[in-house]
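# Observations on chain architecture
The lines below spell out each chain.
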Amino acid sequence: MAVTFKRILAYVFASTFLFACNNVQPTSEKLEDRNTLIEQLVSFDENSKAYKITADSAVFGLVNASANQALAVTFDDNVKISSVNILPKAPLDWSDKHDFNLAVDLKNPTDHSLYFYMGLHDADGNFQNKGMNVPANSEGTFYVILDGPTRDIDGGMRELPAPWTDGEKMMIARWTSQGGKFDFSSVSKISFFTRGIVADKSVEIDNIRLRKNRPHPANYMQGIVDKFGQNAHADFPIKVSSESELRQIATDEISELKINPGMADRSKFGGWIDGPKLEATGNFRVEKYQGKWWMVDPEGYLFFSHGVANVRMANLSTMTGVDYKDDVIRKIDADEVTPEDSIGIVNVTSDARKAAYVSSKQRRNMFEWLPAYDSDFADHYSYRRSVHMGPMESGETYNFYRANLKRRYGETYPESYMNDWVEVTLDRMNSWGFTSFGNWVDPKFYPNEQVPYFANGWIIGDYQTLSSGYDIWGPTPDFFDPKFSERAVATISKIAEEIKGSPWCVGVFIDNEKSWGNPDDPDEKRYGLIMDALSRSTESSFAKTEFSRQLKKKYVTIDALNSAWTSSYPSWSDFDAGIEIQSFNDNVVSDLSDLFAHYSEQYFKIVSETLETYLPNHLYMGARMASWGMPEETIKAAINYSDVMSFNIYEEGLRKGGWDFFKEIDKPVVIGEFHIGAISDTGLHHPGLVMAADQADRAKMYKAYMETVTTNPYLVGAHWFQYVDSPLTGRAFDGENYNVGFVSTTDIPYPDMVNAAKDVNRDLYPKRFSLP
């Protein structure tokens, strides 16, 4: 559909906007040939002795729904997880069923959309969770495919296209038990739950059933990406169809940015020029002022860091299905300081390409177009030497976003479009009212004197590692290995060289979402890192050597330890050789906690001291802990060494009571990552970690999230992840294919999000300052 930037802006204000969005090719199936019922699981029309219903922090009851009864549930925003559970009297056996899906009818009778989850649990405690958004004042059928052709596809994407969409919505893949294990012969619970909501939510649930899948389109997963990296089989408001159209949109936007350059109440560094002026040090710092924590900019003005993270090319490439036989291209040097997923364009030699071959036909067939190696657009090919998930262990990538920058801005000298991108991005940040970037900005932005930024680094290397048993992104370093300190110096000294002491660098993030362990797990799992170390020998593990030293210092004799632990280790030599803990009494748990605190402190001490040596004038922003990896011991260690605490919070906002410990630690805090996405009007297949109904709802939820942030006296910033949508077919390293960008893969801003950002940022400073 033809579209200009002015028309994109105009659609936001229309009272009604209709569009078609079919995420996959239509089938010739007639409506009467829809899914065949296999088994009615739950009907609420009459009392059943086959199951019982329970609730955890939720209220439920039966209501009339059309001609039937439905289960009405109200979820409570005062708890992290609010759920209603359907428990069969005996586990259900679905192991003999094939090519089937589970469907449920849902109705949202309220004026707010509902993002919530359905969880399936087996008798062994394994689970798989799916997410869905029920728009305000709507009802419909939602389904999840449990067996069938799509379940056998490893497409290298966090979610595949829905095989059918007409009148129904496919639930979105979320998290599962470790390794995705699930026993369909013993389904023991079906739960519906919310997680991290900021207001009570309601839904009506009815007609839970198993059905035969509909026939899949013959060309499913083929040619789903057009030459712009867009969904080739869906229409949506900001889709483009020609290069001339894309250039015109860019021209119109640049004119718009010149007319609206930014907020008038900002200082040179983005601080609040109309507010009080404190001590100016020439660099960013933090201070508690009139009962609220703030950052203070180099000129002394109050500063709140709100911006967009991951403004770089590194995560925007997707696997093409091609690999090269030449092993040289996969070589990884031991002295590298940039992890694989953070590497930008890698230049592939023509000799390597001569040995190109199709490694994954599934991936290769997804694309309608990829340029020839001698094409003007071949410079957007790159390579990944290793990946986190997907059908390929390594392979060629293509960056459609970068190619679209070339189409938008042209190329007057080699890669001139990249400089245009930097300038337009800086102008956007100012015009949209953001005060800074978030983490992970392209080093091209480091010399800028227009928008403050954060530097970042990863401490990678060939040091020893430990496993928490919950290694989301990989094992955790053994911080007692001397090589870890050496690698910390290599990384941080490199950052210092790049930022050159710039006062525009607010601070530095080191590492991200380490697998410290899940604080909600029982003791035998929560201290997985320490137990892994104890299971090893002192000869093979630096951490084990240190932990043995600590325990020997405390207990002196092995008999004293055995008495406290109710264990029976024959000698310290046997203990040093490696042990397994069989029981977890209070003494064992206390010692594991102490060792974990010591382990955590070793990490933050090394990082903090190295930063003090090489970057003494910049804030240490902490380790960006995820909700699944923020144990109390690690948080306490971070308090002692970080200038600002950082947490990645993927919920609907700061829920009631969930983050009260901010008051206890009394340190400035920044949210390192959050986002909300939608799929109904974007052409993408996964919304991200929090789901909205559409772009208008996404903007509404973003504003609600920021309301919980700006009213919290301990928050000094919140960073949206990320600037650009993930590739439609998944980013190369880990398959994320999320609608989480402020701009699309064609570099077109989402109007609802831009307007919402301006609304939030326009009154950011006076509103926060005036709060009690």
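Right above here is the structure, for reference.
Now for a description of the structure that goes with this document.

About the thresholds
- Residues numbered from 1 in each chain as written.
- Predicted model: local features only at pLDDT ≥ 70, side-chain atom pairs only at ≥ 80, totals over all residues.
- Heavy atoms only, no water.
- 1 Å grid on protein atoms, 1.4 Å probe; cavity = no way out; pocket = protein on both sides within 12 Å on 5 of 7 lines; lining within 4 Å.
- Points joined across faces, edges and corners; volume = space filled by probe spheres on them.
- Nonpolar A, V, L, I, M, F, W, Y, C, P; charged D, E, K, R; others polar.
- Core = buried A, V, L, I, M, F, W, Y, C linked by side-chain atoms within 4.5 Å.
- Buried < 20%, exposed > 50% of the residue type's maximum accessible area, 1.4 Å probe, protein only.
- Helix = DSSP H or I, 4+ residues; strand = E, 2+ residues; numbered from the N terminus.
- Contact = heavy atoms within 4.5 Å.
- Axes fitted to C-alpha atoms, helices over the stretch in contact; angles between N-to-C directions.
- Parallel < 35°, antiparallel > 145°, perpendicular 65-115°, else oblique.
- Pairing = 2+ DSSP bridges.
- Left-handed = near helix turned anticlockwise from the far one by under 90°.
- Salt bridge = Lys/Arg side-chain N within 4 Å of Asp/Glu carboxyl O.

Here we come to empty space enclosed by the protein. A complete count under the given rule lists 4 cavities of 30 Å³ or more for this structure. The computed volume of the largest cavity comes to approximately 120 Å³. Lining the largest cavity are 14 residues, with Gly 229, Gln 230, Thr 682, Leu 684 and Thr 745 positioned closest to its centre. By residue class, the composition of the lining of the largest cavity is 4 nonpolar, 9 polar and 1 charged.

Turning to the nonpolar core, a few remarks are in order. A general trend in soluble globular proteins is that nonpolar side chains are found buried together. Trp 565, Phe 647 and Tyr 702 are the most contacted members of the largest nonpolar core, which totals 168 residues. Counting residues per element, this core draws most heavily on helix α13 (residues 586–614), which supplies 11 residues. When residues no more than four places from it in sequence are discounted, the contact partners of Tyr 702 are His 306, Phe 434, Phe 674, Ile 676, Trp 720, Phe 742, Met 753, Ala 756, Ala 757 and Val 760. One finds Met 118, Val 144, Phe 192 and Ile 197 within the second-largest nonpolar core, a separate group that totals 35 residues.

In this section: the packing of helix α5 (residues 400–409) against helix α6 (residues 416–431). α6 packs onto α5 with a crossing angle of 90° between their chain directions and a minimal axis gap of 9 Å. When the interaxial angle is binned, α5 and α6 end up roughly perpendicular. Contact residues: α5 offers Tyr 401, Arg 402, Leu 405, Lys 406, Arg 408 and Tyr 409, while α6 offers Tyr 417, Met 418, Asp 420, Trp 421, Val 424 and Arg 428. When grouped by side-chain class, the residues that make up the contact of α5 with α6 number 7 nonpolar, no polar and 5 charged.

Glancing now at the sheet that holds strand β2 (residues 51–56). If you trace the 6 strands from one edge of the open sheet to the other, you get β2-β5-β12-β7-β8-β11, paired in antiparallel fashion. Two strands close off the open sheet at either side, each with one partner strand: β2 and β11 (172–176). Strand-to-strand twist in this sheet, taken as the mean axis angle between neighbours without regard to direction, amounts to 20°. Bridge analysis of strand β7 (residues 114–122) against strand β8 (residues 127–134) gives 8 bridges, and the strand direction is antiparallel. Residue pairing across strands places Leu 114 opposite Val 134, the latter belonging to β8.

Running from N to C, helix α10 (residues 542–555) and α13 cross one another at 130°; their axes reach a closest spacing of 11 Å. With respect to α13, the element α10 is oriented oblique. Crossing angle aside, the handedness with which α10 passes α13 is right-handed. Where α10 abuts α13, its residues Glu 546, Phe 547, Gln 550, Leu 551, Lys 554 and Tyr 555 lie against Asp 591, Leu 595, His 598 and Tyr 599. Residues that form the contact of α10 with α13 fall into these classes: 5 nonpolar, 2 polar and 3 charged.

Turning our eyes to something else, we now look at the pattern of salt bridges. Two side chains of opposite charge can pair, provided their charged atoms sit close to one another. Under the criterion given, the structure shown has 45 salt bridges. Taking the shortest distance from any N to any O, the salt bridge between Asp 520 and Lys 80 comes out at 3.2 Å. Residue Asp 520 is located in the loop between β26 (505–510) and α8 (523–526), and its partner Lys 80 is located in the loop between β4 (68–75) and β5 (81–88); the two are separated by 440 residues in the primary sequence. Given a relative accessible area of 56%, Asp 520 falls into the exposed group.

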